[in-house]
Amino acid sequence: MPVNMERYEPREFSDFLERYIPELINGSFEGKHIVSVEQFRRNDLNQLFELAFDFREAVKNEEIIEVGKGKTMAALFYEPSTRTDMSFQSAMVTIGGDVNAASNGVDFSSVSKGETFADTVRAFGCYADVVVLRHPTVGSSYEAAYYLDRLNGTIINNPVLINGGDGPGEHPTQALLDAMTIVDFKGGFDGLNITMVGDLKYGRTVKSLSKLFALCEAQDTRIQLVSPKALRMTEDVLSFLSDHNIDFSETEDLEEVIGESDVIYLTRVQKERFDDQDEYERLKDSYIITPSVMERAKEEAILMHPLPRVSEMGSAAEQDLLDKDPRLVIFQQMENGRWVRMALMAKVLGVA
Ligand code: NCD
């Protein structure tokens, strides 16, 4: 058989949005790359969260989990991260596996010598069973999944890719931990008023979470989108919500909806995505949720944030005060990232 010498010329990342189609989970996670929330349905979430809650219980009871023994995860991060990076590492170690990374970060890897993205991804895929990718460009995780698939059968390893945030595109595992937190505090997906506030244009977490609620066919759940006009939710997500018959509304006025919200999901204005920093300065403090603003929220509401928070919860003193409000669940939300990522990795690795 002639060797296929097709050259992998660099292409636009967006080409791969068409070239690589993420597989539906459909009850079976094993070996599937996790690129978009569009792969999930309600049953998949139920299955995943059940395991995540079991893992949480096991860790609470100081049980040793070993399902991931012999497995390795590598984080390939081209953008800053605290929680996503740390929680993936902690998740892999907690299920008994190992973590692997370019010793001094991606800036000191062969990326600085001009290596193509496709080759760097495959290098990581040779040395890890799970590659978690964070990248500033939409479509990057599709390209990574595509090239990892091309490794199939050529090496012994058979790595799985997980999208840890692709620019202003998606952040599927954040949506999973956010949904798990909502299930945790609100008992399910249905009958909720979910208010998303802040930068809905560039924020990837709100896009993934909105789509996830649509996909799990949340009943009697309404999504209230609060943003300045310049930072409105993108049209693709709005049409996705309409196509899935999710009830949603848009407003610039938080006061209009805060009192009827069961979940308030606040986000940071994404400074790094603005070409015009004056525009960022003008918009960055559009919504500030302080303890006095929370006085108008329901007693049983929860206040979430994917973090990091910058100025959208006020000054450091106001944040300290807000931290004492039991409705603020950001630390539980953050910790849920560990349990859900343990469950997700165990499932894609086919060990739980
Ligand atoms: C978010 C992200 O990176 O999209 N952070 C996270 O992963 N928890 C939100 C943000 O950076 O504002």
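Look up: the structure comes first, before these words.
Along each chain, numbering runs from 1 in the same order as the chain's sequence is written. Given that the model is predicted, a residue must reach a pLDDT of at least 70 before its local features are reported, and side-chain atom pairs must reach 80 or more before they are shown or counted; all residues, however, enter totals for whole chains, interfaces and linings. Excluding hydrogens and water, the side-chain figures rest on all heavy atoms present in the structure.

Caption draft 1: Up close: the packing of helix α6 (residues 172–186) against helix α7 (residues 204–215). Look at α6 against α7: their axes get within 8 Å of each other, and the N-to-C directions meet at 60°. On the basis of their axis angle, the class for α6 and α7 is oblique. Crossing geometry of α6 relative to α7 is assigned as right-handed. Counted together, P172, Q174, A175, L176, D178, A179 and I182 of α6 and T205, S208, L209, L212 and F213 of α7 form the full contact between these two elements. Orientation is described by axes fitted as lines to C-alpha atoms, over the contacting stretch for helices, and by angles from 0 to 180 degrees between their N-to-C directions. Secondary structure elements follow DSSP: runs of H or I no shorter than four residues count as helices, runs of E no shorter than two count as strands, and numbering proceeds from the N terminus. Oblique is the label for any angle not under 35 degrees, not over 145, and not in the 65 to 115 range, which are roughly parallel, roughly antiparallel and roughly perpendicular in turn. Each crossing gets its handedness from the near helix: less than a right angle anticlockwise from the far helix is left-handed, clockwise is right-handed. The contact criterion used is simple: two residues touch if any of their non-hydrogen atoms lie within 4.5 Å.

Caption draft 2: The arrangement of the sheet that holds strand β3 (residues 130–135) in detail. One requirement defines pairing of two strands: DSSP has to find at least two bridges between them. In spatial order, the strands read β2-β1-β3-β4; together these 4 strands make up an open sheet with parallel pairing. Edge positions in the sheet fall to β2 (98–100) and β4 (160–166), since each has one partner strand and no second. Adjacent strand axes in the sheet meet at a mean angle of 20° when their direction is disregarded. Strands β1 (72–77), β2 and β3 of the sheet are contacted by helix α4 (residues 117–127), whose axis makes an angle of about 160° with β1.

Caption draft 3: Region of interest: the site of the ligand. Throughout this document, a residue counts as near a molecule or strand when at least one of its heavy atoms sits within 4 Å of that molecule or strand. By nearness alone, every residue bordering the ligand is listed as T84, R134, H171, Q174, R204, T205, R268, Q270, P306, L307 and P308. Here a polar contact is taken to be a pair of N or O atoms separated by no more than 3.5 Å, where protein atoms must pair a possible hydrogen donor with a possible acceptor and residues adjacent in sequence count only if both atoms sit in side chains. In this structure, T84 approaches the ligand through a side-chain N or O atom, which is 3.0 Å from an oxygen atom. Take P306: an N or O atom from its main chain is 2.9 Å from a nitrogen atom of the ligand. Where accessible areas are quoted, they stem from the Shrake-Rupley method and a 1.4 Å probe; at the residue level, only the protein chains shown are allowed to cover. Considering the ligand on its own, with 320 Å² of exposed area, one finds that the protein chains cover 94% of that surface. Among the residues making up the shell around the ligand, the classes are represented as 3 nonpolar, 5 polar and 3 charged. Residue polarity follows a fixed list, in which Ala, Val, Leu, Ile, Met, Phe, Trp, Tyr, Cys and Pro are nonpolar, Asp, Glu, Lys and Arg are charged, and the others, Gly among them, are polar.

Caption draft 4: Representation of α7 in the model. The end-to-end C-alpha separation of α7 is 17 Å, in line with the 16 Å expected for 12 residues at 1.5 Å each. Burial in α7 covers these residues: R204, T205, V206, K207, S208, L209, S210, K211, L212, F213, A214 and L215. Looking one or two residues past α7, E217 carries a phi angle of roughly 50°, positive in sign. Helices are assigned an expected span. That span is 1.5 Å times one less than the residue count. Only protein chains enter the area calculation, which uses a 1.4 Å probe; residues under 20% of their type maximum are buried, those over 50% are exposed, and those in between are partly exposed.

Caption draft 5: Focus on the sheet that holds strand β5 (residues 193–197). In spatial order, the strands read β7-β6-β5-β8-β9; together these 5 strands make up an open sheet with parallel pairing. Looking at which strands have only one partner, the edges of the open sheet turn out to be β7 (247–251) and β9 (302–304). When strand polarity is set aside, the average angle formed by the axes of neighbouring strands in this sheet is 20°. Sheet topology places β5 next to strand β8 (residues 263–266); 4 bridges connect them, and they run parallel. Within β8, the position partnered with I194 by the bridge is V263.

Caption draft 6: Local environment of the pairing of strand β6 (residues 222–226). Across the 5 residues of β6, 4 count as buried, placing the element largely inside the fold. Here β5 pairs with β6 via 5 bridges, running parallel. Across the sheet, N193 pairs through a bridge with R222, a residue of β6. Place the viewer so that the strands point away; then a crossover is right-handed whenever the path from the first strand over the helix to the second strand goes clockwise. Chirality of the crossover, the property in question, places the unit of β5, α7 and β6 among those that are right-handed.

Caption draft 7: Layout of the side chain of T195. With respect to the helices and strands, the residue T195 is situated in strand β5. At a separation of 2.8 Å, a polar atom in the side chain of T195 contacts the side chain of Q224.

Caption draft 8: Expanded view of the environment of R309. Take R309: it is sitting in the loop between β9 and α12 (316–323). Between the C-alpha atom of R309 and that of Q277, which follows or precedes it by 32 residues, the distance is 19 Å. Those residues within four positions of R309 in sequence are excluded, and the remaining contacts are Q319, D323, L328, I330 and F331. A polar contact is formed between the side chain of R309 and the side chain of D323, at a distance of 3.0 Å.

Caption draft 9: Inspection of the pattern of salt bridges at higher detail. Each reported salt bridge corresponds to a side-chain nitrogen of Lys or Arg within 4 Å of a carboxyl oxygen of Asp or Glu. Applying the stated criterion to the full structure yields 19 salt bridges. Linking E252 and K229 is a salt bridge whose minimum nitrogen-to-oxygen distance equals 3.0 Å. Here the residue E252 occupies a position in the loop between β7 and α9 (254–258), and K229 occupies one in the loop between β6 and α8 (235–243), the gap between them amounting to 23 residues. Each member of the salt-bridge network shares a partner with another, and the members are E38, E170 and K211.

Caption draft 10: Up close: the nonpolar core. Here, nonpolar core means buried Ala, Val, Leu, Ile, Met, Phe, Trp, Tyr and Cys residues that are tied together by side-chain atoms lying within 4.5 Å of each other. F40, F49, F189, M196, L344 and M345 are the most contacted members of the largest nonpolar core, which has 66 residues in total. Counting residues per element, this core draws most heavily on helix α13 (residues 330–348), which supplies 8 residues. Setting aside its immediate chain neighbours within four residues, F189 contacts R42, L45, N46, F49, A179, V183, F213, C216, A218 and T221. Grouped together as the second largest cluster of nonpolar side chains are 22 residues, F13, F124, A128 and Y146 included.

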